[in-house]
Amino acid sequence: MDALIDLHTHSHCSDGTLPPSELVAAAAARGVAVLALTDHDTTAGLAEAGLAAATAGMQLIPGVEITAGWRGQEIHIVGLGIDAASPALQQHLATLLAIRRTRISAIGAKLARQRHFGGRDPAQAVLRDAPVPTRMHLARELVAAGDASSAQNAFDRWLGRGTVGHVPQEWPGIDAAIAAIRAAGGHAVLAHPHRYKLSAGALDNLCTEFRDAGGAAMEVSLPALSPNDASRLARLARMHGLAGSMGSDFHEPGVAWRPLGRFAKLPEGIEPLLPRLLGQG
Ligand code: AMP
Ligand code: MN
Ligand code: MN
Ligand code: MN
């Protein structure tokens, strides 16, 4: 049987729940042979994950998932095979962290003005504790304080679009994200392209601009992908000459439809990104 590969995962250094070493152990236990840790806008977990992977005899690909903007949409670009010590990359991540802190703090201020919160600002704990604060941290905080029944309920009630705590955010563009990844010697991968609310034409334009800016690959093999989306993604990758990547976007154990690891089989006519990451391509 083919080896399991997972090139898109999160630890508690961003909005996942497992420490990097436990993520690596969980992946190893499932039979994952090559794992990339790709936390949102941070490389903080890579050193710990690298040590754990060496112990487990597993190959760790250093990665990051960079938040970017394109035509008013939030786009995620995974960087794989990065050198986390790159000053250009770290400078870009520092910019994103500042944006995140400002945004979470603005959301907290809006919530604190609601009668329900009586002046209490739920973002304070998140800003104090989360190295890279995301709205998921805030959602968990709202659940812990009894302000929401679940993370999803927190988004539906307090954080999501159309709710009182929604603060729209403009992110640095995809060009800047790709440039930062390439400056760190990494390969830029367009993450979960089917999840963006873009028309077919706009998604096509995004792929063109992504490729022109130096993007290398896109994710084509993900969990719970409908056959229709799978063939759309495969067609886009072929059309734009992008290599194929695969990953689970794992955040926490117990999500049955998002287990760690994908079999290293890509749709026909798509070049795998993996050999390039392993220095064989
Ligand atoms: P942020 O990057 O700060 O916008 O936080 C994004 C994280 O919050 C994502 O990685 C998701 O895990 C989660 N999230 C965002 N929007 C929603 C939503 N409408 N419902 C549930 N979770 C969401
Ligand atoms: Mn996430
Ligand atoms: Mn993402
Ligand atoms: Mn992700």
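Analysis parameters
All chains use their own residue numbering, which begins from 1 and follows the written sequence. Following the order in which they are written, the chains are lettered starting with A and the ligands numbered starting with 1. Since the coordinates come from a predicted model, pLDDT governs what is reported: local features require at least 70, and pairs of side-chain atoms require 80 or more to be given and counted, while whole-chain, interface and lining totals use all residues. Side-chain calculation: all heavy atoms of the structure are included, whereas hydrogens and water are not. A run of H or I in DSSP counts as a helix once it spans at least four residues, and a run of E counts as a strand once it spans at least two, with each numbered from the N terminus. To get the radius of gyration, use the C-alpha atoms; to get the globule rule, take the number of residues to the power 0.38 and multiply by 2.2 Å. Contacts are assigned to residue pairs that have any heavy atoms within 4.5 Å of one another. Only nitrogen, oxygen and sulfur atoms count as donors, using a 2.8 Å cut-off from the metal that widens to 3.2 Å for Na, K and Ca. Water is left out, so coordination shells may look unfilled. Exposure categories follow from relative accessible area, calculated using a 1.4 Å probe and restricted to protein chains: below 20% of the type maximum is buried, above 50% is exposed, and the middle band is partly exposed. Near residues are defined by distance, with any heavy atom within 4 Å of the molecule or strand qualifying the residue. Definition of a polar contact: a pair of N or O atoms within 3.5 Å, with one able to donate and the other able to accept a hydrogen when the atoms are protein atoms, and with sequence-neighbouring residues admitted only if both atoms are side-chain atoms. Each accessible area is a Shrake-Rupley estimate made with a 1.4 Å probe; only the visible protein chains count as cover when residues are assessed. Any pair of Phe, Tyr and Trp rings, taking the six-membered ring for Trp, is counted once the centres come within 6.5 Å. Such a pair is stacked with planes under 30 degrees apart, edge-to-face with planes over 60 apart, and tilted for the rest. The span expected for a helix works out to 1.5 Å for each residue beyond the first. It is the directions from the helix axis to the C-beta atoms whose arc is reported. A carboxyl oxygen of Asp or Glu within 4 Å of a side-chain nitrogen of Lys or Arg is what we treat as a salt bridge.

**Structural notes on the overall build of the chain**
Here is step 1 of the chain: A count of helical and extended segments in the chain gives 10 helices and eight strands.
Here is step 2 of the chain: Taken against the 2.2 N^0.38 rule, which gives 19 Å for 281 residues, the C-alpha radius of gyration of the chain at 19 Å falls within 12% of a compact globule.
Here is step 3 of the chain: Overall, the chain is about 60 × 45 × 40 Å in size when its C-alpha atoms are taken along their principal axes.
Here is step 4 of the chain: Put simply, of all contacts in the chain between residues at least 6 apart along the chain, 72% involve residues at least 24 apart.

**Observations regarding unusual backbone geometry**
Here is step 1 of the chain: In the Ramachandran plot, His-192 falls in the positive-phi region, its phi being about 25° despite a non-glycine side chain.
Here is step 2 of the chain: Take His-192: it is sitting in the loop between strand E5 (187-190) and helix H8 (200-212).

**Here we look at the coordination of the manganese ion (ligand 3)**
Here is step 1 of the chain: Each protein donor to the manganese ion (ligand 3) is listed here as Glu-65 (OE), His-76 (ND1) and His-192 (NE2); together their distances run 2.1 to 2.2 Å.
Here is step 2 of the chain: Mapped onto the polypeptide sequence, the residues donating to the manganese ion (ligand 3) form the spacing pattern E-x10-H-x115-H.
Here is step 3 of the chain: Taken as a pair, the manganese ion (ligand 3) and the manganese ion (ligand 2) show a spacing of 5.8 Å. Pair noted here: Glu-65 is in strand E3 (residues 59-70) and His-192 is in the loop between E5 and H8, with a separation of 127 residues, a long-range link.
Here is step 4 of the chain: Of the residues examined, Glu-65 reaches a relative accessible area of 0% and is grouped as buried.

**Here we look at the site of ligand 1**
Here is step 1 of the chain: In the vicinity of ligand 1, the residues found are Asp-15, His-40, Arg-100, Arg-103, Thr-134, Arg-135, Met-136, Gln-152 and Phe-155.
Here is step 2 of the chain: Side-chain polar atom of Arg-103 to an oxygen atom of ligand 1: 3.2 Å apart, as the coordinates give it.
Here is step 3 of the chain: A distance of 2.8 Å is found between an oxygen atom of ligand 1 and a backbone nitrogen or oxygen belonging to Arg-135.
Here is step 4 of the chain: The fraction of the free accessible surface of ligand 1 (500 Å²) that becomes covered by protein chains is 72%.

**A closer look at the coordination of the manganese ion (ligand 4)**
Here is step 1 of the chain: Taken together, His-8 (NE2), His-10 (NE2), Glu-65 (OE) and Asp-249 (OD) make up the protein donors of the manganese ion (ligand 4), found 2.1 to 2.2 Å from the metal.
Here is step 2 of the chain: Counting along the primary sequence, the residues that act as donors to the manganese ion (ligand 4) give the motif H-x1-H-x54-E-x183-D.
Here is step 3 of the chain: The two metals, the manganese ion (ligand 4) and the manganese ion (ligand 2), are separated by 4.8 Å. Taken as a pair, His-10 in the loop between strand E1 (4-6) and helix H1 (20-30) and Glu-65 in strand E3 lie far apart in primary sequence, 55 residues in all.

**Some points on the packing of aromatic side chains**
Here is step 1 of the chain: Summed over the entire model, instances satisfying the criterion amount to one aromatic pair.
Here is step 2 of the chain: Both rings, one in Phe-117 and one in Trp-158, keep their centres 4.9 Å apart while their planes meet at 65°; by these two values the pair is edge-to-face. Here Trp-158 lies in helix H6 (residues 151-159) and Phe-117 lies in the loop between helix H3 (87-112) and helix H4 (123-129), a separation of 41 residues in the sequence.
Here is step 3 of the chain: In this structure Phe-117 comes out as buried when scored by relative accessible area, which is 3%.

**A closer look at helix H9 (residues 227-240)**
Here is step 1 of the chain: With 14 residues, H9 should reach 20 Å at 1.5 Å per residue; the first-to-last C-alpha distance of 20 Å fits that figure.
Here is step 2 of the chain: What H9 keeps buried is the set Asp-229, Leu-233, Ala-234, Leu-236, Ala-237 and His-240. Seen along its axis, H9 keeps its buried residues to an arc of 160°; they face one direction. The exposed set on the far side of H9, more than 90 degrees from its buried face, consists of Pro-227 and Asn-228.

**Some remarks on the pattern of salt bridges**
Here is step 1 of the chain: Counted by the stated rule, this structure contains seven salt bridges.
Here is step 2 of the chain: Where Arg-120 meets Asp-147, a salt bridge forms, and the shortest distance between an N and an O atom there is 3.0 Å. Residue Arg-120 is located in the loop between H3 and H4, and its partner Asp-147 is located in the loop between helix H5 (135-144) and H6; the two are separated by 27 residues in the primary sequence.
Here is step 3 of the chain: Residue Asp-147 is classed as buried on the basis of its relative accessible area, which comes to 3%.

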